[in-house]
Amino acid sequence: QTPFTNFTYHGWPSTSGTIQQNANYRASMAYVTGSHNMKVGYQGAYMIAKTPTFVGQQIAYRVSNGVANQLTQRIGSALSSNRTVPDAVFVQDQWTRERLTVQAALRFETARSWAPAGENGIIADNQFGGPFLLPRTDGVKGYKDITPRFGAAYDVFGTGKTALKVN
C-alpha cells in the first residue's frame, strides 16, 4: 500500500543549476573638434555557462493506487558546458556645417560558440557504467554582420528649437 497517489519510491529526482561567468570588454576613442566628431571602438565578451546535474538514486518507481506506472532510470551526474564569444568594432562620424549635421556609422559584429572537450556528458561512475565525456563541438561559427547607419539633421530656423531629421 502506497501512502498517496503518484508516490515515488527509491529515489530522489535530479537537481541542477547553471553557473555563469561573463567578462565584458569595451574600449573607444574619440576625436572631437568644433564641427567634427569621430569615434571608433570595440565591444566584446567571453561567456561561460556550466549546468551540472546531480543524480541521487538512479532508479525510481512511481506507484499510483498500488500499481507501478512509471520507471525512471537516471544514467548519472552530468555536465553541460558551453562558451560564447561575441565581438564588435564600430566607427561613427558626425559633421556639422552651418545648420546641417550629417552622421554616418558602421558596425561589424561576429559571434562564435562551442562546447569544450571533456566538459559535456556523464561526469562520474554510476551503476550503469563510467564517465562518458564528449569531444569539442562547435556551435555558432559563421555569424558575421555589418550594420550601416546614416542620418542628417537640419536646424530649420537656426534657433536650435526646430529640426528636420532623417535617418
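Within every chain, residues take consecutive numbers counted from 1 along the sequence as written. The predicted nature of this model means local features are confined to residues of pLDDT at least 70 and side-chain atom pairs, given and counted, to a pLDDT of 80 or more, with totals for whole chains, interfaces and linings taken over all residues. Values reported for side chains reflect all heavy atoms of the structure, with hydrogen atoms and water molecules removed beforehand.

Chemist: What exactly am I supposed to notice about the overall build of the chain here?
Modeler: Helix and strand definitions follow DSSP, with helices as H or I runs of at least four residues and strands as E runs of at least two, each counted in order from the N terminus. Scanning the chain from terminus to terminus reveals zero helices and 13 strands. Moving toward the C terminus, one meets the helices and strands of the chain in the order β-β-β-β-β-β-β-β-β-β-β-β-β. Counting only residues that meet the buried cut, the chain has 23% of its 167 residues in that class. Note on areas: Shrake-Rupley, 1.4 Å probe, and residue coverage restricted to the protein chains presented here. Summing over all exposed atoms, the chain offers an accessible surface of approximately 11700 Å²; the carbon and sulfur share of this is 56%. Note on exposure labels: buried denotes an accessible area under 20% of the residue type's maximum, exposed denotes more than 50%, and partly exposed covers the range between, all computed with a 1.4 Å probe on protein chains only.

Chemist: Sorry, what's going on with a nonpolar patch on the surface here?
Modeler: A contiguous nonpolar patch, built from Met 29, Val 40, Val 89, Val 91, Leu 106, Phe 108 and Ile 146 and spanning about 580 Å² of accessible area, is present on the exposed surface. Elements supplying a minimum of two residues to the nonpolar patch: β7 (78-97) and β8 (100-115). Structurally, the position occupied by Val 91 is in strand β7. Exposure remark for Val 91: the relative accessible area of 31% places this residue in the partly exposed category. The patch calculation keeps residues exceeding 30% relative accessible area without a salt bridge and links them within 9 Å when they carry like charges or within 5 Å when they are nonpolar (Val, Leu, Ile, Met, Phe, Trp, Tyr). The rule for a salt bridge is simple: a side-chain nitrogen of Lys or Arg has to be within 4 Å of a carboxyl oxygen of Asp or Glu.

Chemist: Got a minute to help me understand the environment of Lys 39 in this structure?
Modeler: Mapping Lys 39 onto the fold places it in strand β4 (residues 36-54). C-alpha of Lys 39 to C-alpha of Asp 93: the two residues are 54 residues apart in sequence and 6.5 Å apart in space. A contact between two residues is defined here by any heavy atoms of the two lying within 4.5 Å. Leaving out residues up to four positions away in the same chain, Lys 39 has contacts with Ser 28, Met 29, Ala 30, Phe 90, Val 91 and Gln 92.

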